Amino acid sequence: MQHPENNNDYKGLTVNSGVAQPPMVNPYLHNRVRRKPMPTVSELVEGILKGDVTTLSRAVTLVESFNPSHQSVAQEVIEKCLPYSGQSRRIGITGVPGAGKSTSIDVFGLHVLKQGGKLAVLAIDPSSERTKGSILGDKTRMEKLSTHPGAFIRPSPSAGSLGGVARKTRETVVLCEAAGYNNIFIETVGVGQSETAVHSMVDFFLLIQLAGTGDELQGIKRGIMEMADGIVINKADGDNIHRAQLAQAQFRSALHLFPPTMSGWTPEVLTYSGYYEIGIAEVWDMVDRYFKFVTDNGYFHERRRQQARYWMKETIDEQLRRHFYYNPEIEQLLADREAAVLANKQSSFTAARDVLDHYFAKFKTSK
């Protein structure tokens, strides 16, 4: 290649040597703060029992992880924290989308914290079925609680598996109780299937409703109404007070149609305004009355025992499903039988029986 600076016609031309090339590796790389190695089980348990929020957060992350090594560590931590758990009020909070659950939790939580103690809020955030991602924006809607030193807020993605996230939420409850949180709020994704799972891990189930949206009972499943230990109607302020009172009367009438609760408690229906913080003390007085009622008649401890049995069986079901569907032989056999079913060469029922027979035969021979 010809360069003009080498031509005799350009003898007066001066060419600088240029700038030295920078190194390929960032010279400041070694100064970056490296992530601390994963603490041991003993360190995690010690930090949790001391109430260290950072350690608690790391332990919850291990509980939510799908990594088998993380799960192994998490289960050891839970087992060691179990003797220090169980000393809290577990309250489930649900309601239709837009009912003001997060705003209500914000003001309910501050009311509870004023009475002393600590509060953990575990919010199950819905995940996208397409991307499996979650916004996890509950902390932004709980402006006051998120900055309170006595509150711990942990949103968790449902990730398309409500059963799995519910089990992990219950394990997180154990860790929070061991860390000294004597009040646990569990917010559901909204009225739907998650209510049954959340109901099976809480002591009190609160249903938040709205007034002035048409038929007040429309869209509320009978099962949700039967699970509720208390119904509160939000946004009872301004011009909406009369509609809230009308909805209150309708819900009270509807509750009379249901059979008596197992606890013997008669669910109450109250009105309040989360935004203007009206009627918050009355709602919490109802919660206090409930806990005194079920403690006196022995139902509180009986419900905890029922929940322990329920989650033992749920964990067995989940582990059996994982063992079945993640077996390489079963995966291949499922694909073959699925192709036969789609080609109308075999019925769905006989295909399922063939797969199960192969699985059970494999299990017997391995024994």
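Coordinates for the structure precede this section.
**Looking at the overall build of the protein chain**
Part 1 of the reasoning: When helices and strands are tallied, the protein chain shows 13 helices and seven strands.
Part 2 of the reasoning: A separation of at least 24 residues holds for 74% of the contacts in the protein chain among residues at least 6 apart in sequence.
Part 3 of the reasoning: Looking at the protein chain as shown, the accessible area adds up to about 21,500 Å², and 55% of this sits on carbon and sulfur atoms.

**Digging into the packing of aromatic side chains**
Part 1 of the reasoning: Summed over the entire model, instances satisfying the criterion amount to 14 aromatic pairs.
Part 2 of the reasoning: Chaining the aromatic ring pairs together yields one cluster made of F204, W265, Y290, F291, F293 and F300.
Part 3 of the reasoning: In this structure, K118 is placed above the aromatic ring of Y181, and the distance from its NZ or CZ to the ring centre is 4.2 Å.
Part 4 of the reasoning: The ring of Y326 carries the charged tip of R322 above its face, separated from the ring centre by 5.0 Å.

**Some points on the nonpolar core**
Part 1 of the reasoning: V77 and L175 are the most contacted members of the largest nonpolar core, which has 50 residues in total.
Part 2 of the reasoning: Of all the elements, helix α6 (residues 162–178) adds the most residues to this core, at six residues.
Part 3 of the reasoning: Residues contacting L175, with those up to four places away along its chain left out, are I48, L56, A59, V60, V63, V77, I78 and C81.
Part 4 of the reasoning: Membership of the second largest hydrophobic core comes to 34 residues, among which are I93, L113, M142 and L206.

**Brief notes about helix α4 (residues 101–114)**
Part 1 of the reasoning: Here α4 is 14 residues long and its end C-alpha atoms lie 20 Å apart, about the 20 Å a rise of 1.5 Å per residue gives.
Part 2 of the reasoning: With 11 of 14 residues buried, α4 is to be regarded as a mostly interior element.
Part 3 of the reasoning: Downstream of α4 by a residue or two, G116 has a phi angle that is positive, lying close to 105 degrees.

**A word on helix α3 (residues 68–81)**
Part 1 of the reasoning: Here α3 is 14 residues long and its end C-alpha atoms lie 20 Å apart, about the 20 Å a rise of 1.5 Å per residue gives.
Part 2 of the reasoning: Regarding α3, the residues found buried are Q71, V73, A74, V77, I78 and C81. Seen along its axis, α3 keeps its buried residues to an arc of 165 degrees; they face one direction. Of the residues in α3, the exposed ones pointing more than 90 degrees away from the buried face are P68 and E79.

**Things to note about the packing of helix α1 (residues 41–49) against helix α2 (residues 53–64)**
Part 1 of the reasoning: Axis separation between α1 and α2 bottoms out at 8 Å; the angle between their running directions is 125 degrees. Classified by the angle between their axes, α1 and α2 sit oblique to one another. Crossing angle aside, the handedness with which α1 passes α2 is left-handed. For the pair α1 and α2, the contacting residues are E43, L44, G47 and I48 in the first and T55, L56, A59 and L62 in the second.
Part 2 of the reasoning: The residue inventory of the contact of α1 with α2, partitioned by class, reads five nonpolar, two polar and one charged.

**Details of the packing of α1 against α3**
Part 1 of the reasoning: Two numbers describe how α1 lies on α3: the axes approach to 9 Å, and their chain directions differ by 45 degrees. Between α1 and α3, the crossing angle belongs to the class labelled oblique. Between α1 and α3 lies a crossing of right-handed hand. On α3, the residues touching V41, L44, V45 and I48 of α1 are V73, E76, V77, K80 and C81.
Part 2 of the reasoning: Split into classes, the residues belonging to the contact of α1 with α3 amount to seven nonpolar, no polar and two charged.

**Some words on the pairing of strand β6 (residues 230–234)**
Part 1 of the reasoning: Of all five residues making up β6, five are buried, and the element is well covered by its neighbours.
Part 2 of the reasoning: Alignment of β6 against strand β7 (residues 268–271), held across four bridges, turns out to be parallel. Across the sheet, I231 pairs through a bridge with V269, a residue of β7.
Part 3 of the reasoning: Handedness of the β6-helix α9 (residues 241–255)-β7 crossover: right-handed.

**Side note on the pattern of salt bridges**
Part 1 of the reasoning: Scanning the model with the defined rule gives 13 salt bridges in all.
Part 2 of the reasoning: The partner of E177 in a salt bridge is R90, with the nearest N and O atoms 2.8 Å apart. With E177 in helix α6 and R90 in strand β1 (residues 89–95), this pair connects stretches of sequence that are 87 residues apart. The pair E177 / R90 is uniform in exposure class, with both members buried.

**A word on a nonpolar patch on the surface**
Part 1 of the reasoning: Residues Y275, Y276 and I278 make up a contiguous nonpolar surface patch of roughly 400 Å² in combined accessible area.
Part 2 of the reasoning: Here I278 is to be found in the loop between β7 and α10 (280–296).
Part 3 of the reasoning: Looking at I278, the relative accessible area reads 44%, which means it is partly exposed.

Each value, and the rule that gives it
- Residues numbered from 1 in each chain as written.
- Predicted model: local features only at pLDDT ≥ 70, side-chain atom pairs only at ≥ 80, totals over all residues.
- Heavy atoms only, no water.
- Helix = DSSP H or I, 4+ residues; strand = E, 2+ residues; numbered from the N terminus.
- Contact = heavy atoms within 4.5 Å.
- Areas by Shrake-Rupley, 256 points an atom, 1.4 Å probe, with all protein chains shown as cover.
- Phe/Tyr/Trp six-rings, centres within 6.5 Å; stacked < 30°, edge-to-face > 60°.
- Lys NZ or Arg CZ within 6 Å of the ring centre and 35° of its normal.
- Core = buried A, V, L, I, M, F, W, Y, C linked by side-chain atoms within 4.5 Å.
- Buried < 20%, exposed > 50% of the residue type's maximum accessible area, 1.4 Å probe, protein only.
- Expected span 1.5 Å × (residues − 1).
- Arc of directions from axis to C-beta.
- Axes fitted to C-alpha atoms, helices over the stretch in contact; angles between N-to-C directions.
- Parallel < 35°, antiparallel > 145°, perpendicular 65-115°, else oblique.
- Left-handed = near helix turned anticlockwise from the far one by under 90°.
- Nonpolar A, V, L, I, M, F, W, Y, C, P; charged D, E, K, R; others polar.
- Pairing = 2+ DSSP bridges.
- Right-handed = clockwise from strand over helix to strand, strands pointing away.
- Salt bridge = Lys/Arg side-chain N within 4 Å of Asp/Glu carboxyl O.
- Patch = residues over 30% accessible without salt bridge, like charges linked within 9 Å, V, L, I, M, F, W, Y side chains within 5 Å.

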